[in-house]
Amino acid sequence: MSHQTPLLQPEEQHKIKTPLPWRQLSIILFLQLTEPVTAQAIAPFAPQLIRDVGVTHGDESRVGYFVGIMYSVFYVAQALTTLQWNRISDHIGRKPVILIGLSGISASMFLFGLSKTFGGLILSRALCGALNGNSGVIKSMMIDVTDSSNMAQAFGFLPLPWMTGNMLGPLIGGSLSHPADRFPRLFGQSTFLKTHPYFLACAGPALFTALAWLVTYMLLQETVPTTTSLWSLIRNRCRTILTFEHTKPPQLDRSNSDTVQGPPDDSKPLPLSALMTPHVLIATLTYATLALFDIALRSLIPVFYATPVNMGGLGLDPPRIGNILAVFGIANGLFQVFFFARLHDRFGTKVVFTCGVASGVPTIIAFPIINTLSRTYGIGATVWFAVGLQLTISIALNMCYSCGAMYIAAASPNRASLGATNGLAQTVAAFVRIIGPASVMSMFSFSVRDPSHAWAVYYFMMVLALLAISVSFLLPRQMWKRSN
């Protein structure tokens, strides 16, 4: 009998489907709102904030550089800590880790609004990233509350909070910054808001996160069956380290313990070394190449739209770019909700994943075609049709994240190590998200500066797309099944 068995038998897909646990799932989706709301709330005023703290010394060309550093610090801190938070969630439970993450987000947003120096901004963003491992833990919790029959349906709803948060965040941040100037009747007499013009824009998302903390504490149910306290976990780790230093085990026993022939104990989280199985490495590699290509593409699109036509772009103004991306976000979220589960049940996880990353090829080819059309016909119906077609094709790419999460869940050596396995994939993805935007923006700048290499950025993007497609062929057509 093959070691790979389907996640669902074909005859079961339409007959037996466990109802979604809506009470828990709705709370999980609500919690996911906090990350996009807080991240996007600072986007509208981030350039002006950098000017106000004086770190650029009036050099407008350096504003984007310092904004980039401010954003990157969050991702670096998150990449360095997300694996540990996910591993800890396997021991002390998902709920305590989520509560710690929400506390960190709320505190860091208050600190961000009070900061008057660039160092304060960096510290608050680093704190937010370091204490926030919630994205991976929430995905683990979604897997905990679902099974193979309804997991695709549940993950189809995951883009909804991101879509909503990406719309609400900029609205909150943009409307509540400089409240003394915008709403003089309400806040015109407030000396505090005049000296801290961005505090209210940060306090709104911070208070929303505090509300999410209360909802989690009162309503969210723990999904890890056996947990230990954080203090007990720290004490046991210290005891293990001290014991190892003073009494090293015999080499023969160690080799025997490392060679696990039987199935692992499903009730105990495994050490990190035991997670490095071929299934976990394949699932992590495919998730990382997907994240690298996707973040590079999402970084390139708005810059391409804003670049003048004669320099290879589309020459659109910021409000129009914002409207295009907002419409795309809504369309993408609705498509995932209504069609992802159906496509998954019809074609299977691997087909949806591979077709999703393959959609990157025509998406890349569309960039020079759109520029050529704009040069020839101007910004008209033909160009708008091409832009709409490009973004519509790229929607398929977003389905890959849900498929990737399912492969990661199936690759976990046992259910008690699901958080650590998910955390490993999220950590690798976080690191590639740091280098993705920088690399593609460097290639785009090179393409713009030298007309003889105008297509260099598209060749680079095509390499990333083909890499993701090639790695996707390592995935099994039928989902892995844990031996236990």
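What you see is a predicted model; the values in this text were computed from it and never measured.

One pass over the full model with this rule turns up zero disulfides. Among the cysteines around Cys355, which has no disulfide bond, Cys400 carries the closest sulfur, lying 8.9 Å off.

Ranked by internal contacts, the top residues of the largest apolar core, which has 92 residues, are Phe155, Tyr305 and Met461. The leading source of residues in this core is helix α20 (residues 381–411), at 18 residues. Setting aside residues no more than four positions away along its own chain, Tyr305 makes contact with Leu314, Gly315, Leu316, Ile321, Ile324, Val387, Gln390 and Leu391. Counting residues in each nonpolar core, the second largest holds 22 residues, with Ile50, Met70, Ile105 and Phe112 among its members.

So, about the packing of aromatic side chains. Each aromatic ring pair is specified by the distance between its two centres and by the angle formed by the two planes. Considering all chains together, one arrives at 13 aromatic pairs under this definition. Residues Phe30 and Phe208 carry aromatic rings whose centres are separated by 5.5 Å and whose planes lie at 70 degrees to one another, so their mutual orientation is edge-to-face. Taken together, the positions of Phe30 in helix α1 (residues 22–32) and Phe208 in helix α13 (residues 199–219) put the pair 178 residues apart, joining distant regions of the chain. What makes Phe30 partly exposed here is its relative accessible area of 24%. Residue Phe208 is classed as partly exposed on the basis of its relative accessible area of 21%. Measuring from ring centre to ring centre gives 5.7 Å for Phe367 and Tyr458, while their planes differ by 10 degrees; the resulting arrangement is stacked. With Phe367 in helix α19 (residues 360–377) and Tyr458 in helix α22 (residues 456–472), this pair connects stretches of sequence that are 91 residues apart. With respect to burial, Phe367 and Tyr458 carry one shared label: buried. Members of the aromatic cluster, joined through ring pairs, are Phe304, Tyr305, Phe367 and Tyr458.

Right, let's get into the UniProt feature "transmembrane region" (unreviewed entry) in the protein chain. UniProt records the feature "transmembrane region" (unreviewed entry) at residues 63–85, 97–115, 198–220, 321–339, 351–370, 382–411, 423–444 and 456–475, using the numbering of this structure. In residues 382–411, helix accounts for 100% and strand for 0%; the two terminal C-alpha atoms are 45 Å from one another.

Right, let's get into the packing of helix α21 (residues 418–449) against α22. Direction vectors running N to C along α21 and α22 enclose 150 degrees, while the axes themselves pass 7 Å from each other. If you check the angle between α21 and α22, you find them roughly antiparallel. Contact residues: Ser439, Val440, Met443, Phe444, Phe446 and Ser447 in α21; Ala456, Val457, Phe460 and Met461 in α22. Residues that form the contact of α21 with α22 fall into these classes: eight nonpolar, two polar and no charged.

Turning our attention to a nonpolar patch on the surface. A cluster of nonpolar residues, Met167, Ile330, Leu334, Phe338 and Phe339, forms a patch on the protein surface that exposes about 450 Å² of accessible area. At four residues, helix α17 (residues 318–347) tops the list of elements feeding residues into the nonpolar patch. In this fold, Phe338 is placed in helix α17.

We now examine the side chain of Ser447. Examined against the element boundaries, Ser447 turns out to sit in helix α21. Since its relative accessible area comes to 5%, Ser447 is described here as buried. For Ser447, the side chain forms a polar contact with the main-chain oxygen of His453, separated by 3.4 Å. Here Val457 takes part through its backbone nitrogen, which lies 3.0 Å from a polar atom of the side chain of Ser447. Ser447 has contacts with His453, Ala454, Trp455, Ala456 and Val457, leaving out every residue within four places of it along the chain.

On to empty space enclosed by the protein, then. Unoccupied space between atoms shows up once a probe the size of one water molecule is rolled over them. A full pass over the atoms with the stated rule returns one cavity of 30 Å³ or more. Space inside the largest cavity adds up to approximately 40 Å³. Every element with two or more residues in the lining of the largest cavity is listed here: α2 (34–41) and α6 (118–131). Sort the elements by how many residues they give to the lining of the largest cavity and α2 lands first, with three residues. Residue composition of the lining of the largest cavity, grouped by class: four nonpolar, two polar and two charged.

In the predicted model, the protein chain carries a mean pLDDT of 82, and 87% of its residues have values of at least 70. This model gives residues 1–13 a pLDDT under 50, and the stretch forms 17 contacts once residues within four places in sequence are excluded. In the model, residues 247–264 has pLDDT below 50 throughout and makes nine contacts with residues more than four positions away in sequence or in other chains.

A few words now on unusual backbone geometry. Backbone geometry follows two general trends: most residues other than glycine have a negative phi, and most peptide bonds adopt the trans configuration. In this structure, His178 is a non-glycine residue whose phi angle is positive, near 50 degrees. Relative to the helices and strands, His178 is located in the loop between α9 (159–176) and α10 (179–182). His178 gets classed as partly exposed once you look at its relative accessible area, which sits at 28%.

So, on to the pattern of salt bridges. Inspection of the entire model under this criterion finds four salt bridges. A salt bridge links Arg298 to Asp294; its shortest N-O distance comes to 3.1 Å. Placement of the pair is Arg298 and Asp294 together in helix α16 (residues 278–306), with a separation of four residues, close to one helical turn. In this structure Arg298 comes out as partly exposed when scored by relative accessible area, which is 21%. Take Asp294: its relative accessible area is 9%, and that puts it in the buried class. Residues joined in a network through salt bridges with shared partners are Asp90, Arg94 and Asp144.

The rules behind the values
Residues numbered from 1 in each chain as written. Predicted model: local features only at pLDDT ≥ 70, side-chain atom pairs only at ≥ 80, totals over all residues. Heavy atoms only, no water. Disulfide = S-S within 2.5 Å. Core = buried A, V, L, I, M, F, W, Y, C linked by side-chain atoms within 4.5 Å. Buried < 20%, exposed > 50% of the residue type's maximum accessible area, 1.4 Å probe, protein only. Helix = DSSP H or I, 4+ residues; strand = E, 2+ residues; numbered from the N terminus. Contact = heavy atoms within 4.5 Å. Phe/Tyr/Trp six-rings, centres within 6.5 Å; stacked < 30°, edge-to-face > 60°. UniProt positions renumbered as here; feature names shortened; annotations may be inferred. Axes fitted to C-alpha atoms, helices over the stretch in contact; angles between N-to-C directions. Parallel < 35°, antiparallel > 145°, perpendicular 65-115°, else oblique. Nonpolar A, V, L, I, M, F, W, Y, C, P; charged D, E, K, R; others polar. Patch = residues over 30% accessible without salt bridge, like charges linked within 9 Å, V, L, I, M, F, W, Y side chains within 5 Å. Areas by Shrake-Rupley, 256 points an atom, 1.4 Å probe, with all protein chains shown as cover. Salt bridge = Lys/Arg side-chain N within 4 Å of Asp/Glu carboxyl O. Polar contact = N/O pair within 3.5 Å; in protein donor to acceptor, adjacent residues only side chain to side chain. 1 Å grid on protein atoms, 1.4 Å probe; cavity = no way out; pocket = protein on both sides within 12 Å on 5 of 7 lines; lining within 4 Å. Points joined across faces, edges and corners; volume = space filled by probe spheres on them. pLDDT = per-residue confidence, 0-100.

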